[in-house]
Amino acid sequence: MSPVTVYVPRDAAALAAGADAVARAVADEAGEAGRVRVVRNGSRGLLWLEPLVEVAVGADRVAYGPVAPQDVAGLFDAGWLEGGGAGAHPLAHGPTERIPYLAAQQRQVFARAGLADPLSLEDYAALGGWAGLQRALALDGAAIVQQVLDSGLRGRGGAAFPAGIKWRTVLQAAAERKYVVCNADEGDSGTFSDRMAMEGDPYQLIEGMAIAGLAVGATQGYVYVRSEYPHALATMAEAIERAGAAGVLGDSVCGSGRAFRLELRKAAGSYVCGEETALLESLEGRRGIVRSKPPLPALQGLFGQPTLVHNVITLASVPLVLAHGPEALRQHGSGRSRGTLPFQLAGNVLRGGLVEKAFGLTLRELVFGFGGGTRSGRPVKAIQVGGPLGTYVPPSRWDEPLDYEAYAAFGATVGHGGVVVHDDTADLSALARYAMEFCALESCGKCTPCRIGSTRGVEVIDRIRRGERRGAQVALLRDLCDTMQHGSLCAMGSMTPNPVLSALEHYPDDFGLPAPPAAAA
């Protein structure tokens, strides 16, 4: 009799919730050798159900969660290996793919997430992996770049710059050596899609970077991973080693005679190193401080050579474009925002997790439809989109389409897709103060508007909160924010005013200020 496959995730969120102990309990309870085969898969992204354990029953995988070690014996007693627990056990959710949270998504980058052992080269190939790389090997660099240009792929970080234009710039730059750098220094609060991609489907990132190297003529790549991500670091290190041993990376990619080598680097623990030029400084062994631009990294980047810098989700989107053509992205999305984005629901939300949907859905659909509102059960007051320097989006904007241009039109940013929910007990003046304090702590210190402006910003907000000459202090705060927005060297300083000004505008009560007069009918 063939063993029954039981999937227990190895994702960091699942491990934090006790997944290792659950895996041991499953193996122990199975008893006889060969009865159960435990596979440590990636996470499906339904983080409120972690550890989410799946049992292969016929053509389906039946989900149970959140499973604790003490639940395992009862699951065996309910007959979960034969599908008996699917309808009877309180932890059962039925076939995984039919769970509404997952079934309503449009998964592209995360299509393989949770399906297999993330480090199995055989599983990756069986699930469609390497198809994009094989197609790229049949094209020259200019043709690969054209595929990315035609797809409309934009950087899935903060700036949303068209990826193909970056690629073309690096391709056309004359140099003996070029680099591809993956910015995996995912430091925004409430974001975790880069981590999940590296831990759950690392070969997709490796494939995307190899395609990028072939496209622009780079033979060396680096993955710069956040130091606070030990599991992602370990998974990527093992995946790179296995890919090299299999001939996917190295002096002859897949036997093509075209070289692309890849190395892993642990980040230095600095938020500002998420900015591409500070990251390059850190990679070169120096303190991570922002460089002046120009020159652009695409022309003079790592070690002064042309360098293509993208984040994880951008590079992980590339194999899809090469395997299925530019229309794979273009057929989804809204306006100039093409494809999907893995939105990350965090904060005071009932069902936190990863939701990959095409650009154009609304914040209301995301937070209430997928997230189920607040975990506290209280009304939602504010939703911060785009990380700790993102805007607090008020209820009047929750029905705007989530795409880059629509959000920019009212001064907000989609950013990396982080969504942090706050209920009606949140004090927006305290959160605004935190944004300034965060900037003061994390500033690289190179430019005065960011370094000094954030420090003075904390002091001014404190005076407003204490009621000291509020009108004059609010005017001073707005003037300070204007200086930071237009005078800072990078987005660290220029974006810090976003949460401050949005809190001030939409939640004046929290600052002890009168509400603005209603607009005329």
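Residues numbered from 1 in each chain as written. Predicted model: local features only at pLDDT ≥ 70, side-chain atom pairs only at ≥ 80, totals over all residues. Heavy atoms only, no water.

Draft legend 1. Quick look at the pairing of strand β3 (residues 53-57). In the sheet, strand β1 (residues 4-7) pairs with β3 via two bridges, with the strands oriented antiparallel. Paired with V6 across the bridge in β3 is V55. Examined bridge by bridge, β3 and strand β4 (residues 60-64) share five bridges and lie antiparallel to one another. Bridge assignment links V55 to a residue of β4, and that residue is V62. (Pairing = 2+ DSSP bridges. Helix = DSSP H or I, 4+ residues; strand = E, 2+ residues; numbered from the N terminus.)

Draft legend 2. Fine view of unusual backbone geometry. Omega for the bond connecting E50 with P51 falls within 30 degrees of zero, at -5°, which places this linkage in the cis form. One non-glycine residue, W130, lies in positive phi territory at about 75°. Of note, W130 is situated in the loop between α6 (121-126) and α7 (131-137). By relative accessible area, which is 11% here, W130 ends up buried. In the Ramachandran plot, F303 falls in the positive-phi region, its phi being about 55° despite a non-glycine side chain. As for its placement among the helices and strands, F303 is situated in the loop between α13 (276-283) and β9 (307-311). (Buried < 20%, exposed > 50% of the residue type's maximum accessible area, 1.4 Å probe, protein only.)

Draft legend 3. Representation of the pairing of strand β14 (residues 380-385). Counting buried residues in β14 gives six out of six residues, a clear majority hidden from the surface. One ladder, built from five bridges, connects β14 with strand β16 (residues 418-423); its direction is antiparallel. Across the sheet, V385 pairs through a bridge with V419, a residue of β16. Bridging between β14 and strand β15 (residues 391-393) involves three bridges; their strand directions are antiparallel. What sits directly across from I383, in β15, is V393. Remark: five residues form the turn of the hairpin made by β14 and β15, two consecutive strands paired antiparallel; G386 in that turn has positive phi of roughly 100°.

Draft legend 4. Up close: the packing of aromatic side chains. Using the criterion set out here, one finds 14 aromatic pairs in the structure. Pairing F76 with W80 gives two aromatic rings, centres 5.5 Å apart and planes at 70°, and the pair type is edge-to-face. Take F76 and W80: they sit in the same class, and that class is buried. A network of ring pairs unites the aromatic residues W48, Y101 and F370 as a single cluster. In this structure, R61 is placed above the aromatic ring of Y7, and the distance from its NZ or CZ to the ring centre is 3.5 Å. Over the aromatic face of Y229 sits the side chain of R226, whose NZ or CZ is 5.3 Å from the ring centroid. (Phe/Tyr/Trp six-rings, centres within 6.5 Å; stacked < 30°, edge-to-face > 60°. Lys NZ or Arg CZ within 6 Å of the ring centre and 35° of its normal.)

Draft legend 5. Representation of the packing of helix α8 (residues 141-151) against helix α11 (residues 202-216). Running from N to C, α8 and α11 point in directions that differ by 125°, and their axes come no closer than 7 Å. The angle between α8 and α11 places the two elements in the oblique class. Within the contact between the two elements, α8 uses G141, I144 and V145 and α11 uses I211, L214 and A215. Of the residues in the contact of α8 with α11, the class split is five nonpolar, one polar and no charged. (Axes fitted to C-alpha atoms, helices over the stretch in contact; angles between N-to-C directions. Parallel < 35°, antiparallel > 145°, perpendicular 65-115°, else oblique. Contact = heavy atoms within 4.5 Å. Nonpolar A, V, L, I, M, F, W, Y, C, P; charged D, E, K, R; others polar.)

Draft legend 6. Seen up close, helix α10 (residues 193-200). Most of α10 is tucked away, with eight of its eight residues classed as buried. Of all the residues in α10, the buried ones are S193, D194, R195, M196, A197, M198, E199 and G200.

Draft legend 7. Structural detail: the pattern of salt bridges. For the structure on display, the rule yields 30 salt bridges. Close ionic contact of E199 with R195 constitutes a salt bridge, the shortest N to O distance being 2.9 Å. Of the two residues, E199 and R195 both sit in helix α10, four residues apart, roughly one turn of that helix. For the residue pair E199 and R195, the accessibility class agrees, reading buried in each case. Of the charged contacts in the structure, one is a salt bridge between E468 and R466, with a shortest N-O distance of 2.7 Å. (Salt bridge = Lys/Arg side-chain N within 4 Å of Asp/Glu carboxyl O.)

Draft legend 8. Summary view of helix α12 (residues 230-245). Here α12 spans 23 Å end to end across 16 residues, near enough to the 22 Å set by a 1.5 Å rise per residue. Looking at α12, one finds that the buried residues are A232, L233, T235, M236, A239, I240 and A243. The buried residues of α12 occupy an angular sector of 165° when projected down its axis, which confines them to one face. Along α12, the residues that are exposed and aim more than 90 degrees away from the buried face are E241 and A245. Among the structural elements, α10, α11, β7 (220-225) and β8 (261-266) are those in contact with the buried residues of α12. Where α12 ends, the next residue or the one after it, G247, has phi of about 85°, a positive value. (Expected span 1.5 Å × (residues − 1). Arc of directions from axis to C-beta.)

Draft legend 9. Quick look at the sheet that holds β7. As summarised here, the arrangement of the four strands in space is β8-β7-β6-β9, forming an open sheet in which the pairing is parallel. Because the sheet does not close on itself, it has two edges, and the strands there are β8 and β9. Between one strand axis and the next, the sheet turns through 20° on average, direction left out of account. For strand β6 (residues 179-184) and β7, the ladder comprises six bridges, and the chain directions are parallel. Each residue of the ladder has a partner; that of Y179, found in β7, is Q220. Where α11 meets the sheet, it contacts β6, β7, β8 and β9, and its direction lies at approximately 150° from that of β6.

Draft legend 10. Representation of the domain arrangement of the chain within the structure. When cut into domains, the chain gives domain 1 (4-103), domain 2 (121-330), domain 3 (333-423) and domain 4 (428-520). With centres defined by C-alpha atoms, the gap from domain 1 to domain 2 works out at 33 Å. With nine residues of domain 1 at the contact, the number on the domain 2 side is seven residues. Looking only at domain 1, the three residues that lose the most surface to domain 2 are R10, D11 and A12, adding up to 51% of its buried area. Taken together, the links from domain 1 to domain 2 amount to one salt bridge. Across the pair D11 and R195 runs a salt bridge whose closest N-O atoms are separated by 2.8 Å. Remark: the boundary between domain 1 and domain 2 carries three residue pairs in polar contact (both at pLDDT 80 or more). (Domains from an automatic or database assignment. Buried area = accessible area lost by both parts, 1.4 Å probe. Polar contact = N/O pair within 3.5 Å; in protein donor to acceptor, adjacent residues only side chain to side chain.)

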